[in-house]
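Secondary and tertiary structure notes
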Amino acid sequence: MDKDDWSFGESWRVEPSDPTWTGTQTAIKEQRVEEWDDETLVLGIETSCDETSASVVRGGRDILSNVIASQTELHGEYGGIVPEVAARAHVEALTPAIREALVRADATFWDLDAVAVTLGPGLIGSLLVGVAEAKAIASVLDIPFVGVNHLEAHIYSNFLGNYSAKWPAVVLVISGGHTMLVHARGHGDYEILGGTLDDAAGEAFDKVARFLGLDYPGGPEIDRLSLLGNPDAVRFPRSMVGEPGFDVSYSGLKTSVTNYVRRLEYEGNEINVADVAASFQQAVVDIEVAKTLAAVDHTMVDTLFLCGGVAANSGLRTGLEKACLDRSITLHVPPIELCTDNAAMVASCGTALLRRGIYTSLDAAPDPNLPLK
Amino acid sequence: MLVLGIETATPQTSVAIGSEQGVVASALVSRAALDGPQHKSGAIYNEWLMPAIRFCLEGAGIGFRNIGGVAVSLGPGLYTGMRVGVATAKALAQALSVPIVGMASLDLLAYEVRYSPRPICAVLDGRRKEVFHAFYRPSPGGIQRMTEYTVERAEQLANGIASKPGEVLLVGNGALLYREIFEELGSSVEIGTMGHAFPRAAALVELALPRLYREDFDSLDGLKPLYLRHSAKRIQWERIRESRSA
Ligand SMILES: [Zn+2]
């Protein structure tokens, strides 16, 4: 299959070779083997962290529905995601989310051709809920069940509703859980160039926000305050910038922010929170832009995909837009609701896997540390 | 009516399909007798559950279309196991458009020893040195629950039993785990054997059938596991607060 081929022009089949499709179900299964085309309807389910999401996507690219039930408020009182709270909430939210996704897509269960779900990485208690429900639905409908890597799904958020997105590309996946640069050559052909050595970027945002006494979630609060502050007020370190490689580290930056604030407090000086927020955000943006551009130079591609929750950050968007314009790199940034965790990207990624004949056995287990391969 | 029952709330877990004529297929695995933390986790049932359900359907020579209702054990028990069971049951009921019924794991335990003349106390290991329990008395055709579902230390349960006159039958893996504590109460206490240590899906199907016939269904969206501890949030919250002040 052509790496760039999303046209679904030729017919493609999924053969019932999986041992779990044997026995009395086989006869039905054989009748159901069918062509996969741009009318293929896939139900996506995403419960890897603190968003419960269900979505129906047609042909891997057209979003018919994308329902997201956020738990942000639930975790707000704890100032961070509590795994047990998240797992409990998914059990309650997923059934209505699936129903709503079907209603909005004007589809029934029996219209579906496959079910895709996030297998990992993520919180194990949360992943288990989505995987259990996806297996059950696929089993009842006797359609393929596809386990998807959450990071790979983020990459596919760039293809949803966006027919100009093309491989090969450098992908910056940046969120509360991940920060990584990937050289994506085509469907299922990825090379991880680098990632964070400690905190994910979004995690650093949340920790600094908490230290500054801002509300949870801290990322959007820092972004909002940054517009009011001076990004050059404090020169925080840009660690690892200029060094070879594509890894980043946020522990030093975090420490220098806390040291700076504590020193001012100790000296009895007033702290301009907006200036601190703006200067911190600028440091993160400078680090990410520098490493991303280095990755683009290294791979010699001309396309950049931005995805993950921190892609919503206005400073990062502006910084990358400017840098890409200067170097005539095509930048793709999905709309905000596709940057944060969502099931549409899972359905899209699952469709691409199915097209290559890949699907998952019903005894598969979610993996909280599933690597991107 | 054929009912599919799912019980994954404890280290012994089972699936059964049955009607008023009895169980037509069942599968059961127990990790209780095996060592190692991987056998104590409810997560492992995620791998086993759907293949086991398909095994039962195939064994009985039927398909999902023959299932008229789904019954699920809500716990109390292992949090992860409960979630896998409840999530699976909900999705099955949703995709099949059939009613769902949730039952407490402790009710299933007590139901299977209902022919005892003694009052019954169902006791499951709740970890953290605690047990989940409830008291029952046999009633015509079944059992009647006398107390709330409770989580407390085995010693507290033993004190509660000691303070009341009369005999009692303790069943469940919690009773066996803390056997020494309960045996100190003397001959008024009888402890059920390993054969009755865990709730079973066969009992779940039997108990769910009358509820399904009288249309006493649970709401699909509202159904959730019986955790009994609301403190998980609070414990976490306190931990976060501690780490923040540290
Ligand atoms: Zn994510």
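Residues numbered from 1 in each chain as written. Chains lettered and ligands numbered in written order. Predicted model: local features only at pLDDT ≥ 70, side-chain atom pairs only at ≥ 80, totals over all residues. Heavy atoms only, no water.

**Quick word on the interface of chain B and chain A**
Contacts between chain B and chain A engage 33 residues on the former and 40 residues on the latter. Of the roughly 3,400 Å² buried between chain B and chain A on both sides combined, carbon and sulfur atoms contribute 60%. At the surface where chain B touches chain A, the tally comes to 4 salt bridges. The salt bridge partner of B:Arg54 is A:Asp142, with a shortest N-O separation of 4.0 Å. Taken together, chain B and chain A are joined by 8 residue pairs in polar contact (both at pLDDT 80 or more). Tallying contributions element by element places helix 3 (residues 79–96) of chain B first for the side of chain B that touches chain A, with 13 residues. Partitioning the side of chain B that touches chain A into residue classes produces 18 nonpolar, 5 polar and 10 charged. (Contact = heavy atoms within 4.5 Å. Buried area = accessible area lost by both parts, 1.4 Å probe. Salt bridge = Lys/Arg side-chain N within 4 Å of Asp/Glu carboxyl O. Polar contact = N/O pair within 3.5 Å; in protein donor to acceptor, adjacent residues only side chain to side chain. Helix = DSSP H or I, 4+ residues; strand = E, 2+ residues; numbered from the N terminus. Nonpolar A, V, L, I, M, F, W, Y, C, P; charged D, E, K, R; others polar.)

**Quick notes on the sheet that holds strand 9 (residues 303–307) of chain A**
All names here are of chain A. The strand order across the open sheet built from 5 strands is 8-7-6-9-10, with neighbouring strands paired in mixed fashion. A strand with exactly one partner marks an edge of an open sheet, and here the two such strands are strand 8 (189–195) and strand 10 (330–332). Neighbouring strand axes in the sheet, compared pairwise and without regard to direction, differ in orientation by 20° on average. Two strands pair when backbone bridges link them, and strand 7 (residues 179–186) and strand 8 are joined in this way by 6 bridges, in the antiparallel orientation. Its bridge partner being in strand 8, Ala184 is matched across the sheet by Tyr190. In the packing of helix 10 (residues 314–326) onto the sheet, contacts are made with strand 6 (169–174), strand 9 and strand 10, and the angle to strand 9 comes to roughly 180°. (Pairing = 2+ DSSP bridges. Axes fitted to C-alpha atoms, helices over the stretch in contact; angles between N-to-C directions.)

**Here's the deal with the pairing of strand 7 (residues 130–139) of chain B**
Residue and element names in this part refer to chain B. Note that strand 6 (residues 120–125) and strand 7 share 6 bridges and pair antiparallel. From the neighbouring strand, Cys121 faces strand 7, where its bridge partner is Phe135. Between the end of strand 6 and the start of strand 7, which pair antiparallel, lie 4 residues, with Arg127 showing a positive phi angle near 60°. Relative to strand 9 (residues 150–153), strand 7 is paired through 4 bridges, and the arrangement is antiparallel. Its bridge partner lying in strand 9, Phe132 is registered against Val151. Both strand 7 and strand 8 (residues 142–145) contribute to a ladder of 4 bridges, which runs antiparallel. What sits directly across from Ser139, in strand 8, is Gly142. Here strand 7 folds back onto strand 8 in antiparallel fashion, the turn holding 2 residues, of which Gly141 has a positive phi close to 80°.

**Examining the packing of helix 3 (residues 83–104) of chain A against helix 4 (residues 124–141) of chain A**
Residue and element names in this part refer to chain A. Two numbers describe how helix 3 lies on helix 4: the axes approach to 8 Å, and their chain directions differ by 30°. Regarding the angle of helix 3 to helix 4, the classification is roughly parallel. Judged by the sense of rotation from one axis to the other, the crossing of helix 3 with helix 4 is right-handed. Contacts between helix 3 and helix 4 pair Ala86, Ala87, His90, Val91, Leu94, Thr95 and Ile98 from the former with Gly125, Ser126, Val129, Gly130, Glu133 and Ile137 from the latter. (Parallel < 35°, antiparallel > 145°, perpendicular 65-115°, else oblique. Left-handed = near helix turned anticlockwise from the far one by under 90°.)

**Remarks on the sheet that holds strand 1 (residues 41–46) of chain A**
Residue and element names in this part refer to chain A. The sheet built from 5 strands is open, its strands ordered 3-2-1-4-5 with mixed pairing. In this open sheet, the two strands that pair with only one neighbour each are strand 3 (62–70) and strand 5 (145–149). Sheet twist, expressed as the mean angle between neighbouring strand axes with direction ignored, is 20°. As paired strands, strand 4 (residues 114–120) and strand 5 are joined by 5 bridges and run parallel to one another. Its bridge partner being in strand 5, Val117 is matched across the sheet by Gly147. Across the sheet, helix 3 lies against strand 1, strand 2 (51–58) and strand 3, angled at about 25° from strand 2, the strand it touches most. Running over the sheet, helix 12 (residues 343–355) touches strand 1, strand 2, strand 3, strand 4 and strand 5 and is turned about 130° from strand 1.

**Considering the domain arrangement of chain B**
Residues and elements named next belong to chain B. If you check the domain split of chain B, you get domain 1 (2–105 + 199–231) and domain 2 (113–196). Here the C-alpha centre of domain 2 lies 24 Å away from the C-alpha centre of domain 1. Contact with domain 1, which involves 16 residues of that partner, is made by 11 residues of domain 2. When the two sides are added together, the surface that domain 1 and domain 2 hide from each other amounts to roughly 1,000 Å², 62% of it contributed by carbon and sulfur. (Domains from an automatic or database assignment.)

**Some words on the nonpolar core**
Soluble globular proteins: nonpolar side chains tend toward being buried together. Formed by 69 residues in total, the largest nonpolar core has its most connected members in A:Ile45, A:Ile98, A:Ile137, B:Ile53 and B:Leu92. Those residues in contact with B:Ile53 that sit more than four places away from it in its chain are B:Leu4, B:Ile6, B:Val15, B:Phe64, B:Thr88 and B:Leu92. Formed by 47 residues, the second largest nonpolar core is a distinct cluster that contains A:Leu181, A:Phe280, A:Val289 and A:Leu316. (Core = buried A, V, L, I, M, F, W, Y, C linked by side-chain atoms within 4.5 Å. Buried < 20%, exposed > 50% of the residue type's maximum accessible area, 1.4 Å probe, protein only.)

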